[in-house]
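Now for the letters of each chain:
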Amino acid sequence: MHSLLDCVSRLATILFAYRFGPALEAETKRYRLAADVFNDSAMILDCLSPAFPRFVRILMLCCSGSLRAACGVAGGGSKASLSVHFARNGNVGELNAKDSSQETVIGLMGMLAGSFVVSHISSTWATWLSLTLLLAVHLGTNFKAVTAVALRTLNRQRTNIVCSVFFDTGEILTPRQAARHERIFEKDGVLRWGESRILGNAEIGVKLTALIRSLRQSPECKKEHEGVNLAELANVFQNEKYLLWYDVQKRLVTICLKEKVSPEEQLKSWVHALVLAREIRHRLLKGGADNSDRPSQQVLLDIVRKTLDDIGMSFTPMLQRLKEAGWDLGTAALETVPGYRVGICSMEITGAGKDRDDTIAKGGGETKKDL
């Protein structure tokens with residue numbers, strides 16, 4: 001049985017690190033608190049397992065072992081990011097040493113308090129009441145601690161908050177001001193304007209095939225010579241380090257990043273997606289349109305071009321003000337899954353009399369010709 005539990009824990013560690021590893025840097029606060037939730041949930045399962053038959057007990061212990069493994073990965077990864085955040089003078093070693101000492105002191109205090117509590121508990125009801133109370137205090141204090149952290153990197157949610165305030169009021173929030181508006185468990189990839197409802201979702205760093213599928217969603221593309229093709233879209237973004245398109249039906253912005261894209265250019269792509277989603281939503285609400293009467297692809301292309309021009313005039317001054325406000329623009333924190341990069345070049349087709357975009361998508365160390 002111990003071998004089975006050990007195997008399950010090791011597999012859970014590998015799978016969790018593979019699936020959520022890239023997100024630990026971007027969503028540090030979420031996974032720091034999630035690690036505590038995993039650990040406390042595993043503790044509850046361990047306490048409940050003796051009351052069930054052997055087969056169910058084994059399953060519950062396997063689940064608790066998996067949760068502890070997830071806690072180790074999430075806690076370790078998020079702790080490393082927080083250490084870098086707090087070590088502003090590059091003193092990561094000193095910070096970790098003091099953190100270990102602090103954990104030792106807290107552990108000692110916990111042992112002394114536990115000895116006092118255990119000596120006064122004599123019934124099952126009192127045991128569960130004490131456990132529930134202590135776990136609630138544990139999660140509550142950790143939630144307050146996580147929300148108090150003002151990270152300086154711009155992930156998806158903080159970019160939504162800062163940019164929506166900037167375009168509404170012209171002000172730039174500091175990291176501490178933005179932290180007051182953060183949701184710890186915000187849905188991944190959400191495009192939200194300030195505190196208002198969700199405008200849609202966005203995927204960044206995806207394969208080129210995902211962008212092509214988004215372009216072909218419209219019925220216009222099924223008719224010859226209608227709709228927007230990839231060459232037209234690439235022409236709009238020829239001076240940018242990304243491509244994007246908006247699927248009105250799914251309310252999804254698909255962002256493909258080009259080769260050698262910088263963190264600041266990644267930030268621009270997300271800001272563009274946010275502004276584009278807001279502009280399209282306003283047009284739909286103003287015209288009373290719904291999914292059955294959505295704008296044509298050519299109209300969408302014009303909106304994409306217009307919003308790109310609007311952002312181009314204000315993005316550089318915004319970057320300067322973000323740096324002055326204390327934001328770290330040199331660290332990319334927008335991708336939560338392993339990303340792909342796209343290379344675009346123009347090649348002349350003999351006898352065609354015009355240029356054609358030949359697009360090469362690269363990802364995972366391989367080169368794949370998608371178009």
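You'll find the chain entered in an unreviewed UniProt entry as DUF647-domain-containing protein, with Choiromyces venosus 120613-1 given as the organism. The chain has a UniProt comment under Sequence similarities (unreviewed entry) that states "Belongs to the RUS1 family." Turning to the chain, the UniProt annotation filed under Subcellular location (unreviewed entry) states: "Membrane".

(A) Fine view of the pattern of salt bridges. For the structure shown, the criterion picks out 19 salt bridges. Close ionic contact of Arg 156 with Asp 188 constitutes a salt bridge, the shortest N to O distance being 3.5 Å. Separated by 32 residues along the polypeptide, Arg 156 in helix α7 (residues 156-169) and Asp 188 in the loop between α8 (175-179) and β1 (190-192) bring together distant segments of the chain. The closest approach of N and O atoms between Arg 158 and Glu 182, which form a salt bridge, is 3.0 Å. Here Arg 158, found in helix α7, pairs with Glu 182, found in the loop between α8 and β1; they are 24 residues apart in sequence, far enough to count as distant. We classify Arg 158 as buried; its relative accessible area is 1%. Here the salt bridges do not stand alone but share partners, grouping Lys 29, Arg 158 and Glu 182 into one network.

(B) Inspection of empty space enclosed by the protein at higher detail. Within this structure, the stated rule accounts for 4 cavities of 30 Å³ or more. Reported here for the largest cavity is a volume of approximately 80 Å³. Lining the largest cavity are Leu 154, Pro 263, Gln 266, Leu 267, Asp 328, Leu 329, Thr 331, Ala 332, Ala 333 and Leu 334. For the lining of the largest cavity, the class distribution of residues is 7 nonpolar, 2 polar and 1 charged.

(C) Spatial organisation of the confidence of the model for the chain. Per-residue confidence for the chain averages 85 on the pLDDT scale, and 88% of its residues sit at or above 70. Of all helices and strands in the chain, the one with the weakest mean pLDDT is strand β7 (residues 366-369) (37), whereas strand β4 (residues 252-258) scores best (95). Low pLDDT (under 50) marks residues 348-371, which in the prediction has 50 contacts with non-local residues, meaning those over four places away or in another chain.

(D) Fine view of the nonpolar core. One finds Phe 237, Trp 245, Ile 255, Leu 322 and Trp 327 to be the most contacted residues of the largest nonpolar core, which totals 61 residues. Where this core is concerned, the elements lending two or more residues are α7, β2 (198-204), α9 (208-215), α10 (230-236), β3 (242-247), β4, α11 (263-287) and α12 (297-324). Look past the residues within four positions of Leu 322 in its chain and what remains in contact with it is Leu 154, Val 162, Ile 172, Leu 267, Trp 327 and Leu 329. Ala 23, Tyr 31, Ala 35 and Cys 71 belong to the second largest nonpolar core, which has 9 residues in total.

(E) How the structure looks around the packing of helix α4 (residues 54-86) against helix α5 (residues 92-118). Close contact between α4 and α5 brings their axes to 10 Å; oriented N to C, the two are set at 120°. When the interaxial angle is binned, α4 and α5 end up oblique. Here α4 and α5 pass one another in a crossing that is right-handed. Touching Lys 79, Ser 83 and Phe 86 of α4 are Leu 95, Asn 96, Asp 99 and Glu 103, all from α5. Of the residues belonging to the contact of α4 with α5, the class tally is 2 nonpolar, 2 polar and 3 charged.

The rules behind each value
Residues numbered from 1 in each chain as written. Predicted model: local features only at pLDDT ≥ 70, side-chain atom pairs only at ≥ 80, totals over all residues. Heavy atoms only, no water. UniProt positions renumbered as here; feature names shortened; annotations may be inferred. Salt bridge = Lys/Arg side-chain N within 4 Å of Asp/Glu carboxyl O. Helix = DSSP H or I, 4+ residues; strand = E, 2+ residues; numbered from the N terminus. Buried < 20%, exposed > 50% of the residue type's maximum accessible area, 1.4 Å probe, protein only. 1 Å grid on protein atoms, 1.4 Å probe; cavity = no way out; pocket = protein on both sides within 12 Å on 5 of 7 lines; lining within 4 Å. Points joined across faces, edges and corners; volume = space filled by probe spheres on them. Nonpolar A, V, L, I, M, F, W, Y, C, P; charged D, E, K, R; others polar. pLDDT = per-residue confidence, 0-100. Contact = heavy atoms within 4.5 Å. Core = buried A, V, L, I, M, F, W, Y, C linked by side-chain atoms within 4.5 Å. Axes fitted to C-alpha atoms, helices over the stretch in contact; angles between N-to-C directions. Parallel < 35°, antiparallel > 145°, perpendicular 65-115°, else oblique. Left-handed = near helix turned anticlockwise from the far one by under 90°.

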